[in-house]
Amino acid sequence: MNVDLRILAFTNAGALSLASVVQADEHPMSQVVTTVSSTTLSGYVDTSMIWKAGTGDANLPGRAFDRVGKLDGFNLNVVKLKLEKPVSDELWATGYKVSLLFGPDATRFNTSANAIPSAYDFSVEEAYVALSVPAGNSIDFKVGSFTTIIGYESFESYLNPNYSRSFGWQLEPTQHTGLLASYKASDAVSISAGIANTWNAGINARATRATGPATESEKTYLASVSITAPESWGFLSGSAWYAGLIDGLAGNSQDTTSLYAGGSLKTPLEGLSVGAAFDYRFGGASVINAATGLPFYTAGNSWAYAIAGYASFQANEKWKFNIRGDYTEGTDGTFYDRGNDGLRNLQNRLGALTLTADYALWANVVSRAELRWDHSTSGDKPYGGTAASPAPNQRNAVTLALNLIYKF
C-alpha cells in the first residue's frame, strides 16, 4: 500500500499512528473489493441477416424482432451487458442484477417509463435487489424491475429453440416493476407470487384506465408453479411443466389477464425432446379510431390465444435442429386490422411453421439458420406491400434468417 504525504503529516504531528491510518484506510477498501469480486460481468452481441421471398416488405404481422425494417438486409439486433451478484446459500444472503440493452431490439422490449425516443436504442431489461429469507427451504425475493414470469420463450433469442419468436410471446407482458417471491417447495416443485405496478412493461409506470387514472391501490398480481421431473423418473428426468397467471391493469387500458401453460418433455430417443405452450389473454385496451374518436371495439372485450408445438433434436455435439408450429387467433387489431377499414369487426387468424438449424462452429458463438413460413388462415392477405403501394397483398410470407450471437 502506498502511504501519501497526508499520512506522514498526521503521524509526525502525533495525531494518529501509521498503523491506525492504514487500518482505517484498508477496511472500507476491503469491503469494496469483497463486494465487487463476487460480481460477474456477462452479455452478448446479437446480429442477423434476413431475406424475405418476393417483393413487398411493408407488412409482416405477427412477428416480433424479425419484422418490417429488418427485412432484406443486415441487422444489429441487440447488445446486452449484465452485472450480477447471485444470492448465495448463506443465511440472509443478498445479491443484485442489472441487465442493460442497446440496439433496435432494446426499445422494442419497451421498458421506458419516460418515453425515451427509439433513436436512443437503450432500455433496462432488469434491475433488482435480490434477498433471501431463511424460512423453510428459503424464500427468494426480487425487488425492482424483472422480466415476466410466464412464457415458453425468452427475450434472449439464444435461449429459445428458434431465432424468431412465436405468436404467444407477443401476447405476454415483458417486464414488471414490483416484488416477486419464489419458493422451492421440493426438488420437483417451485412456486412464485408477486405484485407489480402494471401488467405491461414500463419501469415505475402506474396503472391508468382509458377513462382516467386508476385507483391508487390497483395493482397487478402474478403467480406461477413449475414442476421438474426428478432423476428417479428415468428418461423423463429434466422434463418440466409450468403454469402462470398475471392479472391487472395495463397502462392506458382496462383490466388485462394472461394465462399460460406449457412444458418440455424428454423422450426415450436420445437427443430428442418435445414441448408445447398455450397462451390466452383477455381484456385490454379500448382502441380509439383517430378519425371518429370512437372505440374500435368494446373496452375490455379483446381476447387472443396462441398455441405452439416444439421439437428439438441434438444430432451430435455440433448440430441441433428445432421445429415449431404455432397458431393464433384473436380480436381484430391483435396483430393487424384485418378489414383495413378502421373497424375491429373481424378476427386475426395466423399460422406459422419454423425450421431452425444450429451449428456450433466457433467458440462462444451461436450460429444458426432459420426458414419460416407465415400463412393467413382467414382468407385475407395481410402480408406484402411496398413503400409506394403499402396495402398488403399476400396471403403467405416466407423468410430466411441467419443469426450470429457472441456470448461473453
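Our subject in this report is the structure included herewith. Keep in mind that this is a model prediction, so the values were computed, not measured.

## Re the overall build of the chain
For the chain, the helix and strand inventory stands at four helices and 18 strands. Long-range pairs, those at least 24 residues apart, make up 59% of the contacts in the chain between residues at least 6 apart in sequence. Just so you have it, the chain exposes about 20500 Å², and 61% of that area is on carbon and sulfur atoms.

## Some words on empty space enclosed by the protein
If a probe the size of a water molecule is rolled over the atoms, the empty space left behind becomes visible. Counting across every chain of the model gives two cavities of 30 Å³ or more. Space inside the largest cavity adds up to approximately 90 Å³. Residue lining of the largest cavity: 16 residues in total, with Ser166, Gly168, Ala277, Asp279 and Tyr310 positioned closest to the centre. Those elements giving two or more residues to the lining of the largest cavity turn out to be α4 (167–170), β13 (272–283) and β14 (303–314). Ranked by residues supplied to the lining of the largest cavity, first place goes to β14 with four residues. When its residues are assigned to classes, the lining of the largest cavity shows nine nonpolar, three polar and four charged.

## A word on the pattern of salt bridges
Here the structure, examined in full by the defined rule, presents twelve salt bridges. In this structure, Glu125 and Lys80 form a salt bridge, with 2.9 Å as the shortest nitrogen-oxygen distance. Here the residue Glu125 occupies a position in strand β4 (residues 122–133), and Lys80 occupies one in strand β2 (residues 73–85), the gap between them amounting to 45 residues. Take Glu125: its relative accessible area is 2%, and that puts it in the buried class. You can call Lys80 buried: its relative accessible area is 7%.

## Quick look at the packing of aromatic side chains
All told, the structure shown has 14 aromatic pairs when counted by the stated rule. With a centroid separation of 5.4 Å and an interplanar angle of 45 degrees, the aromatic rings of Phe102 and Phe122 are classed as tilted. Of this pair, Phe102 sits in strand β3 (residues 94–102) while Phe122 sits in strand β4, placing them 20 residues apart in sequence. Of the residues examined, Phe122 reaches a relative accessible area of 28% and is grouped as partly exposed. An angle of 55 degrees between the planes, with centres 6.4 Å apart, marks the rings of Tyr305 and Tyr327 as tilted. Placement of Tyr305 in strand β14 and of Tyr327 in strand β15 (residues 319–331) is noted, with a sequence separation of 22 residues between them. Of the aromatic side chains, those joined through ring pairs into one cluster are Phe65, Phe109, Phe155 and Trp169. Directly above the ring of Trp169 sits Arg165, whose terminal nitrogen or CZ lies 5.8 Å from the centroid.

## Comments concerning a nonpolar patch on the surface
A contiguous nonpolar patch, built from Leu41, Val45, Leu76, Leu81, Leu83, Phe102, Tyr406 and Phe408 and spanning about 680 Å² of accessible area, is present on the exposed surface. Going through the elements one at a time, β1 (40–52) and β2 are the ones with two or more residues in the nonpolar patch. Here the nonpolar patch takes three residues from β2, the largest share from any one element. Judged by relative accessible area, which is 31%, Phe102 ranks as partly exposed.

## Describing the side chain of Asn197
Inspection of the secondary structure assignment puts Asn197 in the loop between β7 (189–196) and β8 (208–209). In this structure Asn197 comes out as buried when scored by relative accessible area, which is 13%. Only 3.3 Å separates the side chain of Asn197 from the backbone oxygen of Ala205, close enough to count as a polar contact. In contact with Asn197, other than residues within four places in its own chain, are Thr177, Asn204, Ala205, Arg206, Ala207, Glu218, Lys219 and Thr220.

## Description of unusual backbone geometry
One non-glycine residue with positive phi stands out, namely Trp92, at about 55 degrees. Examined against the element boundaries, Trp92 turns out to sit in the loop between β2 and β3. Looking at Trp92, the relative accessible area reads 59%, which means it is exposed. The phi dihedral of Asn364 falls on the positive side, at around 70 degrees, and the residue is not glycine. When you line up the elements, Asn364 lands in the loop between β16 (347–359) and β17 (365–376).

Calculation criteria
- Residues numbered from 1 in each chain as written.
- Predicted model: local features only at pLDDT ≥ 70, side-chain atom pairs only at ≥ 80, totals over all residues.
- Heavy atoms only, no water.
- Helix = DSSP H or I, 4+ residues; strand = E, 2+ residues; numbered from the N terminus.
- Contact = heavy atoms within 4.5 Å.
- Areas by Shrake-Rupley, 256 points an atom, 1.4 Å probe, with all protein chains shown as cover.
- 1 Å grid on protein atoms, 1.4 Å probe; cavity = no way out; pocket = protein on both sides within 12 Å on 5 of 7 lines; lining within 4 Å.
- Points joined across faces, edges and corners; volume = space filled by probe spheres on them.
- Nonpolar A, V, L, I, M, F, W, Y, C, P; charged D, E, K, R; others polar.
- Salt bridge = Lys/Arg side-chain N within 4 Å of Asp/Glu carboxyl O.
- Buried < 20%, exposed > 50% of the residue type's maximum accessible area, 1.4 Å probe, protein only.
- Phe/Tyr/Trp six-rings, centres within 6.5 Å; stacked < 30°, edge-to-face > 60°.
- Lys NZ or Arg CZ within 6 Å of the ring centre and 35° of its normal.
- Patch = residues over 30% accessible without salt bridge, like charges linked within 9 Å, V, L, I, M, F, W, Y side chains within 5 Å.
- Polar contact = N/O pair within 3.5 Å; in protein donor to acceptor, adjacent residues only side chain to side chain.

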